[in-house]
Amino acid sequence: MTTPLQVTARLRDPVTTADHIRGPADASVTIVEYGDFQCQFCGAAYPNLHEVLRQRADTVRLVYRYFPIANVHPYAERAAETAEAAAVRGRFWEMHDWLYEHQDQLDPVHLSLGVEQVGLPPDELNAEVESRAHADRVRRDFVGGIRSGVNGTPTLFVNGVRHEGGYDLPDLLAAVDGASNA
């Protein structure tokens, strides 16, 4: 009798300074999220990840990578490219938060209003998104996700190992605490 092979999915692309990182650089725990701004499950995980960062501010950092599932979420790719346009201007996390807090308003008209609310020039960002100026960055994250076994969103990696638990606060805190004690 044989036992089925258990393969633990691991993060294939290491975290670099090119990533979008929130939290201390020397954190003992790194959560990498592959997310889709239009995904309702990512939206549900968003406040819990935010709370993990608040409760474990000295030990956890969050890395966000784009994984827009465009065939299911028609505005996800545009939202990701808009976030990247904001990132070029040093405003990634403000745009990230706005997108998750306004998931039902990701159509181009509302997205343009969101860009303005974040304090960025909507005409400039819209022109960049229309010209696909940031599509390569979004694509790079997506391909890195595929290589790491990502097949849906949100997918989290805690210290390089895929998190197979839930996205509610107790599960995330347990995963973080387990990783910091490992």
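No experiment lies behind these values; they were computed from the predicted model shown. (Residues numbered from 1 in each chain as written. Predicted model: local features only at pLDDT ≥ 70, side-chain atom pairs only at ≥ 80, totals over all residues. Heavy atoms only, no water.)

Considering all chains together, one arrives at 14 salt bridges under this definition. R147 is the salt-bridge partner of D13, the closest N and O atoms lying 2.2 Å from each other. A residue pair is termed long-range when its members are at least 10 positions apart, and D13 in the segment before β1 (20-22) and R147 in helix α6 (residues 135-147) qualify at 134 residues. Residue class for D13 comes out buried when judged on its relative accessible area of 18%. Residue D141 pairs with R137 through a salt bridge whose shortest N-O separation is 3.5 Å. Within this pair, D141 and its partner R137 are both found in helix α6, separated by four residues, close to a single helical turn. Both residues of the pair, D141 and R137, belong to the buried class. A single salt-bridge network, built from bridges that share partners, covers E77, E81 and R132. (Salt bridge = Lys/Arg side-chain N within 4 Å of Asp/Glu carboxyl O. Helix = DSSP H or I, 4+ residues; strand = E, 2+ residues; numbered from the N terminus. Buried < 20%, exposed > 50% of the residue type's maximum accessible area, 1.4 Å probe, protein only.)

Assessed through its relative accessible area of 10%, R137 is described here as buried. Reaching out from R137, the side chain makes a polar contact with the side chain of H20 at a distance of 3.5 Å. Once you skip the residues sitting within four places of it in the chain, R137 turns out to touch A18, D19, H20, Y66 and E84. (Polar contact = N/O pair within 3.5 Å; in protein donor to acceptor, adjacent residues only side chain to side chain. Contact = heavy atoms within 4.5 Å.)

Helix α3 (residues 92-101) packs onto helix α1 (residues 40-55) with a crossing angle of 120 degrees between their chain directions and a minimal axis gap of 9 Å. The orientation of α1 relative to α3 falls into the category oblique. The two elements α1 and α3 meet at a crossing, and its hand is left-handed. Where α1 abuts α3, its residues C42, G43 and Y46 lie against H96, D97, Y100 and E101. Of the residues assigned to the contact of α1 with α3, the class counts are three nonpolar, two polar and two charged. (Axes fitted to C-alpha atoms, helices over the stretch in contact; angles between N-to-C directions. Parallel < 35°, antiparallel > 145°, perpendicular 65-115°, else oblique. Left-handed = near helix turned anticlockwise from the far one by under 90°. Nonpolar A, V, L, I, M, F, W, Y, C, P; charged D, E, K, R; others polar.)

The next thing to look at is the sheet that holds strand β4 (residues 155-158). Backbone hydrogen bonds are what pair the strands of a sheet, in a parallel or an antiparallel way. The five strands lie next to each other as β1-β3-β2-β4-β5, forming an open sheet whose pairing is mixed. Since the sheet does not close on itself, it has two edges, and those belong to β1 and β5 (161-162), each with one partner. Here β1 runs beside strand β3 (residues 60-66); their pairing, made up of three bridges, is antiparallel. Following the sheet pairing, H20 is matched in β3 by Y64. Strand contacts of α3: β1, β2 (29-35) and β3, with the helix running at about 75 degrees to β3, the strand carrying the most contacts. Along the sheet, α6 makes contact with β1, β2 and β3, crossing β3 at roughly 110 degrees. (Pairing = 2+ DSSP bridges.)

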